[in-house]
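# Coordinate inspection notes
In case you want the letters, here they are:
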Amino acid sequence: MYRRVADFLTDYCEEAVEAQKNWDALTNSALKASAGDGFWTIRDHLWHIASIWQYVFVNDLKLWPECDRLDHVPTSAKTLAGFYHNQTDKVCHWIKKHWTDEDLAVEVEIWGMRMTRGKLLWEIVKHEAHHRGQIFSLMRLAGLPVHGIYGPSKDEVEKMATAAAAH
């Protein structure tokens with residue numbers, strides 16, 4: 001749970017920047033990758049995590065204007081990656097401007113539960129990390145490289161080993 005706005009901004013905004021490196025590497029054909037029939041595609045997962053801020057801040061908490069809502073899922077990798085970037089940038093700037101540390105202790109009712117705003121932000125960060133892991137697995141299945149967020153990915157470790165061996 002977040003008790004300080006600065007802690008949320010540090011965690012989430014840094015993670016969003018690192019995740020964006022993966023989204024920018026997506027291709028239109030890779031967006032269709034899934035674990036099989038009936039499972040979400042990369043496009044489904046990425047749309048889900050990119051649009052959650054709209055659902056929470058427009059629909060549920062009514063903090064952003066209705067006109068900020070986007071109801072169609074982008075079909076191109078570049079547009080979807082751009083939408084994620086815009087949403088994460090927007091939420092970081094909006095929270096920095098509008099919420100204080102005290103605001104994070106305010107209780108809200110959402111998804112049939114009561115929780116503080118700080119707990120809600122923490123749940124969204126964890127939720128996104130869960131879906132990023134799913135997307136990274138699907139990126140591998142689609143033959144795409146993966147950028148590490150909590151440490152180097154296999155691709156990055158191999159590049160480091162190759163560079164070290166060359167010296």
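Note: the structure precedes this text.
Per chain, residues are indexed from 1 in the order of the written sequence. Per-residue local features of the predicted model are confined to residues with pLDDT of at least 70, and side-chain atom pairs are confined, for both listing and counting, to 80 or more; whole-chain, interface and lining totals are unaffected and use all residues. Only hydrogens and water are removed before side-chain values are computed, so all heavy atoms of the structure are retained for them.

### A short note on the packing of helix α2 (residues 42–60) against helix α4 (residues 117–141)
At a minimum axis distance of 8 Å, the contact between α2 and α4 shows a crossing angle of 165°. Classified by the angle between their axes, α2 and α4 sit roughly antiparallel to one another. The two elements α2 and α4 cross, and the hand of that crossing is left-handed. The residues of α4 that touch α2, namely those facing I42, H45, L46, H48, I49, I52, W53 and V56, are L120, L121, I124, H127, E128, H131, R132, Q134, I135, L138 and M139. Amino acids outside the nonpolar list (Ala, Val, Leu, Ile, Met, Phe, Trp, Tyr, Cys, Pro) and the charged list (Asp, Glu, Lys, Arg) are all regarded as polar, and Gly is one of them. Looking at side-chain class alone, the contact of α2 with α4 contains 12 nonpolar, 5 polar and 2 charged residues. Throughout, an axis means a line fitted to C-alpha atoms (over the contacting stretch in the case of helices), and angles, computed between N-to-C directions, take values from 0 to 180 degrees. Each helix corresponds to a stretch of at least 4 residues labelled H or I by DSSP, and each strand to a stretch of at least 2 residues labelled E; elements are numbered beginning at the N terminus. In these notes the angle categories are as follows: under 35 degrees is roughly parallel, over 145 is roughly antiparallel, 65 to 115 is roughly perpendicular, and the rest is oblique. Helix crossings get a hand from a simple test, with the near helix turned counterclockwise from the far one by less than a right angle marking a left-handed crossing and a clockwise turn marking a right-handed one. Any pair of residues with heavy atoms lying within 4.5 Å of one another is described as a contacting pair.

### Topic: the packing of helix α1 (residues 5–23) against helix α3 (residues 77–98)
For the pair α1 and α3, interaxial distance at closest approach is 10 Å and the crossing angle is 170°. One element, α1, and the other, α3, form an angle in the roughly antiparallel class. Of α3, the residues touching α1 (which contributes V5, F8, L9, Y12, C13, A16, A19, Q20 and W23) are A81, Y84, H85, T88, V91, C92, I95 and K96.

### Looking at α1
By this rule the span expected of a helix is its residue count minus one, scaled by 1.5 Å. When the terminal C-alpha atoms of α1 are compared, their 26 Å separation across 19 residues agrees well with the 27 Å that a helix rising 1.5 Å per residue should span. Only protein chains enter the calculation, and the probe is 1.4 Å; a residue is then buried if its accessible area is under 20% of its type maximum, exposed if over 50%, and partly exposed in between. Among the residues making up α1, those that are buried are V5, F8, L9, Y12, E15, A16, A19, Q20, N22 and W23. Those residues of α1 that are buried lie in contact with α2, α3 and α4.

### Considering the nonpolar core
To qualify as a nonpolar core, a set must consist of buried Ala, Val, Leu, Ile, Met, Phe, Trp, Tyr and Cys residues joined through side-chain atoms within 4.5 Å. In terms of nonpolar packing, the biggest core is built from 49 residues, with W23 and W53 touching the most fellow members. Elements with a contribution of two residues or more to this core: α1, α2, α3, β1 (107–110) and α4. The element contributing the most residues to this core is α2, with 10 residues. Each residue touching W53, except ones within four places of it in the same chain, is listed here: F8, Y12, V58, W64, Q87, V91, L121 and I124.

### Some points on the state of the cysteines
Disulfides are defined as pairs of cysteine sulfur atoms found within 2.5 Å of each other. Throughout the structure, instances matching the rule amount to 1 disulfide. One disulfide in the model links C13 with C92; its S-S distance is 2.0 Å. Measuring handedness by torsion sign, the sulfur bridge of C13 and C92 sits at about -130° and is left-handed. Here the residue C13 occupies a position in helix α1, and C92 occupies one in helix α3, the gap between them amounting to 79 residues. Residue classification places C92 among the buried positions, given a relative accessible area of 8%.

### Quick look at the environment of V106
Residue placement: V106 occurs in the loop between α3 and β1. Taking the C-alpha atoms as reference, V106 lies 20 Å from D11; in sequence the two are 95 residues apart. What V106 contacts, discounting residues up to four positions off in sequence, is M115, T116 and R117.

### A short note on α4
Because the α-helix completes a turn every 3.6 residues, residues three or four places apart line up on one side. Its 25 residues place the ends of α4 36 Å apart at the C-alpha level, agreeing with the 36 Å of an ideal helix rising 1.5 Å per residue. Looking one or two places after α4, you find G143, whose phi comes out positive at around 80°.

None of the figures reported here should be taken as evidence of function without further support.
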